[in-house]
Amino acid sequence: MTLSSDIISTVEFNQTGELLATGDKGGRVVIFQREPESKNEPYCQGEYNVYSTFQSHEPEFDYLKSLEIEEKINKIRWLPQQNAAHFLLSTNDKTIKLWKVSERDKRPEGYNLKDEEGRMKDLSTVTSLQVPVLKPMDLMVEVSARRIFANGHTYHVNSISVNSDCETYMSADDLRINLWHLGITDRSFNIVDIKPANMEELTEVITAAEFHPHHCNLFVYSSSKGSLRLCDMRASALCDKHAKLFEEPEDPNNRSFFSEIISSISDVKFSHSGRYLLTRDYLTTKVWDLNMENKPIETYQVHDYLRSKLCSLYENDCIFDKFECAWNGSDSVIMTGAYNNFFRMFDRNTKRDVTLEASRESSKPRAVLKPRRVCAGGKRRKDDISVDSLDFTKKILHTAWHPAENIIAIAATNNLYIFQDKVNSEMH
Amino acid sequence: MEYKVEAHRIMSISLGKIYNSRVQRGGIKLHKNLLVSLVLRSARQVYLSDYYGGACLGSQRAEAGEWAEGETMESLEGRSSPGAAGADSCESETESRETLRAPETNAQASVEVAAERNAEEPASSSDYNWPQGGETDEERAPGQAEDSTQVPSCPVPESRFECGAANADEGPQSPAAAAPCCTRKRSAGKSPYAGSPVKRPRPGSVPPANTEGGDASEDMDTGNVSSLITIFGSSFSGLLSKDGAQAEPGAADGDSGSGTICCEQMLPNLSPWSTAIVAF
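Counting restarts for each chain, with residues numbered from 1 along the sequence as it is written. Working convention: letters from A go to chains and numbers from 1 go to ligands, in the order in which they are written. Local features are withheld for residues below a pLDDT of 70 in this predicted model, meaning they are given only at 70 or higher, and side-chain atom pairs are given and counted only at 80 or more; totals for whole chains, interfaces and linings count all residues. The side-chain numbers reported here are obtained from all heavy atoms of the structure, hydrogens and water having been left aside.

Labelled according to an unreviewed UniProt entry, chain A appears under the name Serine/threonine-protein phosphatase 2A 55 kDa regulatory subunit B, originating from Paramormyrops kingsleyae. Quoted straight from UniProt, the Sequence similarities (unreviewed entry) entry for chain A says "Belongs to the phosphatase 2A regulatory subunit B family." UniProt positions are given in the numbering used here, feature names are shortened, and annotations may be inferred rather than shown by experiment. The Subunit (unreviewed entry) field of the UniProt record for chain A holds the comment "PP2A consists of a common heterodimeric core enzyme, composed of a 36 kDa catalytic subunit (subunit C) and a 65 kDa constant regulatory subunit (PR65 or subunit A), that associates with a variety of regulatory subunits."

Here you go:
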């Protein structure tokens, strides 16, 4: 039985790939750490084991608006590591929190006034002074909330992104984007506001936002209309005017009742190089070149066989699913999830793509993932899955790719799958 | 005609989603509801695209000046609606229209109110375009129901779907029509909404359609909408037959979606749904 509170809602590697954080609908964060390579098997990369678990957000109630605030973790972002501790930002619909994750593997022993259990010593027994010394102890991971950035958003927060300056970060909700300083919780700067004066004129909302990986003044945000806006914070305090607008004209042949829904961008990611943007809408994933605004340079069909089923998917709400997308470390392969616990990878160079499944059967240790195929009619091969037998309750919305190696983390409802590609890890 | 059925179905589903979004945990999701409202609008446009083409045989245009196509057609529809209502088709249809109008207004209003409530600062009533369903009711004496020529002076915001809905029976509110009153009902001085931004809907109360009057805000509650859905779940003819009982807001016609007749009556008068929905 799957508890809805266990459903994983976000997955994120840190900058080195040593740590992997997941957030779930119940407001919990689980951090996995990669074990160091074993000396016995030098070519066997380490596995990920649970490092720490903590409750990040709790359900809240806004009494003024009679509104319940879900504790579901929408996004986690790691800060670049600057000392021994690790820091991450986690957010629910309204509040962003900065968490410090630190290790304690030593403790002082030999206090003069306290005994080992912490009780005060009888002073008459103290005859000499000693200097406490640090002794090793079992590793303990401590997590503490260092900052709570509250009351910055009226609408639901969908994205957070840490700036390359490592001092600021932004948070985006449906209509506004705020810039925060990591050390200041009582104020933020509003840098994008698309709320119309008359809400009845609302036509689009912000769906995702991200800072450029290298240029601390640039960020991009996507909209429900399928457009991307690149903004330069140097231009003005309020970045309502975009520096660049990336938009592809709609194909009139594909017009349907649901054209607007399926063109809504659910995720946007800068490439590691900072040169490209990766976007995901309901049926496709696209690569955009920052230097070309009128159309993407690559479009990949994730599950075009669903195009004829949009009405059913609208009825069962699947059409509103927000799939994420990911780059591999070298920006040569992109990955995104689909239904039936399938996820897809597209090699931008060879133009080959593969469909894989995250399931218990395919996840036995050392098992090789077998490519899957969805048959949309026509000749059906053995092991093909027909479109009608796809399980739409098994959706892979959240995926992450290790920043350097071919290790991927796939969230399938309440299960986390971590796949490593040992054979090709040297090739990329 | 299949596309009309399909469009109708999609509209019903959409309204159902909007209604359900009010009770979802975490508050109303602006993005999803915006998308749903866009679908609703598309479906409506498709549904109506052939409507005027075929239905404007307009033999019964009353006062051309004040009557929009929608109204005329609507009158036609009303009269031609299967006499489920019984003998007094005129009266019953009128009543049902009134009923439909107000409840629909209420439904819309409740959606918007809830949304707005959940959205940020309480919006001033000027953010709403509440067709005061009750107002128009009041404007018309019951006996005048059949007099389709009676058009409230400035009853309904032209481009607001609620208004369209609200004035299903009386207002010249075809969406395409250049209805004289393109300002909000409020501007007619009847808006009860002034200063009453976000009232929590009272569940369960189903105010009689005809008396909704100015206090629409108080009556925008889920009780109305759920009643709507219930009524339409059975069938539109059920609504027609219930003469006085149409307080059952069959409204938001689309809500439960049964009853082509209802839709045909209501839809021509619906202004862009999306504009109403987005009052979050």
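Novice: Quick one: what's the story with the nonpolar core, residue by residue and with numbers?
Specialist: What makes a nonpolar core is a set of buried Ala, Val, Leu, Ile, Met, Phe, Trp, Tyr and Cys residues whose side-chain atoms join them at distances within 4.5 Å. Burial classes: relative accessible area under 20% of the type maximum marks a residue as buried, over 50% as exposed, and values in between as partly exposed (1.4 Å probe, protein chains only). Phe 258, Tyr 282, Leu 306, Tyr 314 and Ile 319 of chain A are the most contacted members of the largest nonpolar core, which has 48 residues in total. Secondary structure is summarised from DSSP: a helix means a run of H or I of at least four residues, a strand means a run of E of at least two, and numbering begins at the N terminus for each. Of all the secondary structure elements, the ones that give two or more residues to this core are helix 1 (259-263), strand 20 (276-280), helix 2 (310-315), strand 23 (325-327) and strand 25 (342-347) of chain A together with helix 1 (2-21) and helix 2 (30-49) of chain B. Element by element, the count of residues in this core is highest for helix 2 of chain B, at 8 residues. Setting aside anything within four residues of it in sequence, one finds Tyr 314 of chain A in contact with Phe 258, Ile 261, Ile 319 and Phe 320 of chain A together with Ile 10, Ile 13, Ser 14, Lys 17, Val 36 and Val 39 of chain B. Phe 343, Leu 356, Leu 369 and Ile 408 of chain A belong to the second largest nonpolar core, which has 15 residues in total. The contact rule is simple, with two residues in contact once any of their heavy atoms fall within 4.5 Å.

Novice: Which residues make up the interface of chain A and chain B, and what values go with them?
Specialist: Put simply, an interface is often sized by how much accessible area is lost when its parts join up. Opposite the 38 residues of chain A that make contact, chain B presents 39 residues. Accessible area, probed at 1.4 Å, shrinks when two parts are joined; the buried area is that loss added up over both. A buried area of about 3300 Å², summed over both sides, lies between chain A and chain B, and 56% of it is on carbon and sulfur atoms. For the chain A face of the interface with chain B, the top three residues by lost area are Glu 200, Phe 257 and Tyr 314 of chain A, together amounting to 25%. Any Lys or Arg side-chain nitrogen found within 4 Å of a carboxyl oxygen on Asp or Glu counts as a salt bridge. The tally of links from chain A across to chain B stands at 7 salt bridges. For Lys 29 of chain B, the salt bridge goes to Glu 70 of chain A, with nearest N and O atoms at 3.8 Å. Two N or O atoms count as a polar contact when they lie within 3.5 Å, although within protein this holds only if one can serve as hydrogen donor and the other as acceptor, and sequence-adjacent residues are included solely when both atoms are side-chain atoms. Run the count over chain A and chain B and you get 11 residue pairs in polar contact (both at pLDDT 80 or more). Those elements that provide at least two residues to the side of chain A that touches chain B are strand 6 (67-69), helix 1 and helix 2 of chain A.

Novice: Tell me about helix 2 of chain B, and name the residues and values.
Specialist: Helices are assigned an expected span. That span is 1.5 Å times one less than the residue count. With 20 residues, helix 2 of chain B extends 28 Å from end C-alpha to end C-alpha; this agrees with the ideal 28 Å at 1.5 Å per step. Here helix 2 of chain B lies mainly inside the structure; 16 of its 20 residues are buried.

Novice: Explain the pattern of salt bridges residue by residue, including any values.
Specialist: This structure, assessed with the given rule, holds 38 salt bridges over all chains. The partner of Lys 309 of chain A in a salt bridge is Asp 388 of chain A, and the shortest N-O contact between them spans 3.4 Å. Taken as a pair, Lys 309 of chain A in the loop between strand 22 (298-301) and helix 2 and Asp 388 of chain A in the loop between strand 28 (385-386) and strand 29 (398-401) lie far apart in primary sequence, 79 residues in all. We classify Lys 309 of chain A as partly exposed; its relative accessible area is 25%. One network of salt bridges, with partners in common, ties together Glu 68, Glu 70 and Glu 71 of chain A together with Arg 25 and Lys 29 of chain B.

Novice: Summarise the sheet that holds strand 25 of chain A; cite the residues concerned and give the values.
Specialist: Residues and elements named next belong to chain A. Note on pairing: DSSP must find at least two bridges between two strands before they are called paired. Judged by pairing direction, the sheet is antiparallel, and its 4 strands sit side by side in the order 23-24-25-26 without closing on themselves. Two strands close off the open sheet at either side, each with one partner strand: strand 23 and strand 26 (353-357). Neighbouring strand axes in the sheet, compared pairwise and without regard to direction, differ in orientation by 20° on average. One ladder, built from 5 bridges, connects strand 24 (residues 333-337) with strand 25; its direction is antiparallel. Pairing of Ile 334 across the sheet is with Phe 346, part of strand 25. Between N-to-C directions, angles span 0 to 180 degrees; the directions come from axes that are lines fitted to C-alpha atoms, helices contributing only their stretch in contact.

Novice: Mind laying out the sheet that holds strand 3 (residues 28-34) of chain A, listing which residues take part and the relevant values?
Specialist: Strand-to-strand pairing in sheets goes through backbone hydrogen bonds, with the strands running parallel or antiparallel. Residues and elements named next belong to chain A. An order of 1-2-3-4 is seen for the 4 strands of this open sheet, with the pairing classed as antiparallel. Bordering the open sheet on either side are strand 1 (8-13) and strand 4 (48-55), each of which pairs with just one other strand. When the angles between neighbouring strand axes are averaged without regard to direction, this sheet yields 20°. Sheet topology note: the strand 1/strand 2 (residues 19-24) ladder contains 5 bridges and is antiparallel.

Novice: Quick one: what's the story with unusual backbone geometry, residue by residue and with numbers?
Specialist: All names here are of chain A. Despite not being glycine, Asp 331 has its phi angle at roughly 65°, a positive value. Residue placement: Asp 331 occurs in the loop between strand 23 and strand 24. Residue classification places Asp 331 among the buried residues on the basis of a relative accessible area of 8%. At Asn 341, a residue that is not glycine, the phi angle is positive and equals roughly 60°. Along the chain, Asn 341 falls in the loop between strand 24 and strand 25. On the basis of relative accessible area, Asn 341 is assigned to the buried category, the value being 9%.

Novice: I'd like a rundown of the side chain of Ser 222 of chain A, residues and numbers included.
Specialist: Residues and elements named next belong to chain A. Take Ser 222: it is sitting in strand 16 (residues 218-223). Reaching out from Ser 222, the side chain makes a polar contact with the side chain of Thr 207 at a distance of 2.7 Å. Setting aside chain neighbours within four positions, we find Ser 222 in contact with Val 205, Ile 206, Thr 207, Ala 208, Ser 227, Leu 228, Ile 265 and Val 268.

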